[in-house]
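Okay, here's what each chain looks like letter by letter:
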Amino acid sequence: GLEPDGERIITSREAMVLESVPERLVIVGAGAIGIEFAYLYNVFGSQVTVIEMLPALLPGADADISRELARQFKKRKIKALTGSRVESIVRQGDELLVQVSGTKEQTIIADVVLLAMGVTGNVENLGLEQAGVTIDKGAIKVDEYYRTAAPNILAIGDVIGPPWLAHVASAEGIVAVEQLAGLNPGTIDYGNIPLCTFCEPQVASVGLTEEQAEGEGYEIKVGKFPFRALGKAVAIGKIEGFAKVIYDAKYGKLLGAHLIGHGATDLISEVAVGRKVKATFTEIMKTVHPHPTLSEAVMEATALAYGESTNF
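First things first, this report covers the structure right here in the doc. Remember, predicted model here, so these are calculated numbers, not experimental data.

## Some thoughts on the overall build of the chain
When you go through the chain residue by residue, the secondary structure sums to nine helices and 15 strands. In the chain, which comprises 312 residues, the proportion classed as buried is 45%. Here the analysis covers contacts within the chain between residues at least 6 apart in sequence; of these, 57% occur between residues at least 24 apart. Accessible area of the chain: about 16300 Å², with a carbon and sulfur share of 53%.

## Details of the sheet that holds strand 7 (residues 106-110)
The three strands lie next to each other as 5-6-7, forming an open sheet whose pairing is antiparallel. In this open sheet, the two edge strands, each paired with only one partner strand, are strand 5 (85-92) and strand 7. For this sheet, the mean angle separating the axes of adjacent strands, direction not counted, is 25 degrees. Pairing analysis gives seven bridges linking strand 5 to strand 6 (residues 95-101), with the strands arranged antiparallel. Within the sheet, the bridge partner assigned to Val90 lies in strand 6 and is Leu97.

## A short note on the pairing of strand 7
Side chains Gln106, Ile108 and Ala110 project from strand 7 onto a buried face, and the interleaved Thr107 and Ile109 project onto a face without burial. Where strand 6 meets strand 7, five bridges bridge the pair, whose relative direction is antiparallel. Bridge assignment links Leu97 to a residue of strand 7, and that residue is Ile109. Between strand 6 and strand 7, which pair antiparallel and follow one another directly, the connecting turn spans four residues.

## Side note on the nonpolar core
Ranked by internal contacts, the top residues of the largest apolar core, which has 26 residues, are Phe227, Leu230, Leu259, Ile268 and Val271. Of all the secondary structure elements, the ones that give two or more residues to this core are strand 12 (202-207), strand 14 (242-248), strand 15 (254-261), helix 7 (264-276) and helix 9 (296-305). A per-element tally of this core places helix 7 first, with five residues. In contact with Ile268, not counting residues within four places along its chain, are Pro194, Cys196, Ala204, Ser205, Val206, Ala257 and Leu259. With 25 residues, the next largest nonpolar core counts Ile10, Ala15, Ala38 and Leu69 among its residues.

## A look at the state of the cysteines
One pass over the structure, following the stated rule, counts zero disulfides. A disulfide-free cysteine, Cys196 has its sulfur positioned 11 Å from the sulfur of Cys199, the nearest such atom.

## Some words on the packing of aromatic side chains
Going through the model one piece at a time under the given rule, you end up with five aromatic pairs. For the pair Phe225 and Phe312, a centre-to-centre distance of 5.7 Å together with 70 degrees between the ring planes defines the contact as edge-to-face. In this pair, Phe225 sits in strand 13 (residues 220-226) while Phe312 sits in the segment after helix 9, placing the two residues 87 residues apart along the sequence. By relative accessible area, which is 51% here, Phe312 ends up exposed. Three or more aromatic residues joined by ring pairs make a cluster, and in this case those are Phe37, Tyr41 and Phe44. For the cation-ring pair, Lys224 lies above Phe242, with the distance from its terminal atom to the ring centre recorded as 4.8 Å.

## A closer look at the pairing of strand 15
Taken across its eight residues, strand 15 has eight buried, putting it largely inside the fold. As paired strands, strand 12 and strand 15 are joined by six bridges and run antiparallel to one another. When the bridges of strand 15 are listed, Gly207 appears paired with Gly256. Bridge analysis of strand 14 against strand 15 gives six bridges, and the strand direction is antiparallel. Bridge pairing in strand 15 links Val245 to Ala257.

What counts and how
Residues numbered from 1 in each chain as written. Predicted model: local features only at pLDDT ≥ 70, side-chain atom pairs only at ≥ 80, totals over all residues. Heavy atoms only, no water. Helix = DSSP H or I, 4+ residues; strand = E, 2+ residues; numbered from the N terminus. Buried < 20%, exposed > 50% of the residue type's maximum accessible area, 1.4 Å probe, protein only. Contact = heavy atoms within 4.5 Å. Areas by Shrake-Rupley, 256 points an atom, 1.4 Å probe, with all protein chains shown as cover. Pairing = 2+ DSSP bridges. Axes fitted to C-alpha atoms, helices over the stretch in contact; angles between N-to-C directions. Core = buried A, V, L, I, M, F, W, Y, C linked by side-chain atoms within 4.5 Å. Disulfide = S-S within 2.5 Å. Phe/Tyr/Trp six-rings, centres within 6.5 Å; stacked < 30°, edge-to-face > 60°. Lys NZ or Arg CZ within 6 Å of the ring centre and 35° of its normal.

Written out as structure tokens, the structure reads:
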């Protein structure tokens, strides 16, 4: 029973229009949406508890990022229960009793429970099947130019499945329209999509995690540069976090990067461009980065990976 009463068990969309800030908020799910709302309501003054069934915050993120995010949330007094699941939610007067199992059985008292356990596109009750559009596992099936099985019907964005991101939907829309106009656009490389979580410190990544790279058989070089060693981070008082880069040891190919820190969602674009043009560690490390800036983090992490850092 996760729905004893509807008005105090809400979705992320409903959380954006709460009339008042709850004193005690429980968030079920520690993906990007759950993490962003946890940070937001913590700043507003709520006592926030995040419950995640998997072992780490931001499941699927690089392990170092998840650990650092957990450390930062602890400093902010956001309680995180990983490896835990909600067994029931029961109303008792004006309170919600959230029964949690995991490393220990416990009951958490909340004013509001936010369900942030995933995203699905709105594809139901639109007559799509009757129009000849194929739907598989809740998503519209399309080809690389976003054409459905029905003539003259295209689909982009959340309705075609992950990644459920605004910048992905925009890129898909451009490809779809250019294809309709006969401009022969290229297709989107979904392996080079920046993933961003807008909390503080911000989290951003693109490409393979360290675990994924090793799982694919790469011999890798890894560099991790702390923001506290950046002059700009010290100057603006935002020293939490680090930049982590992963390279193929054999050819120097930039496999991925993972950042947690102030401005990380802006910095990740450098790595995405680098991967797009097939940059190696040489191009990243030998490109002179302006000082003092946060952008130096990626260059410095690369230098650390190859034993050429002069600043840490």
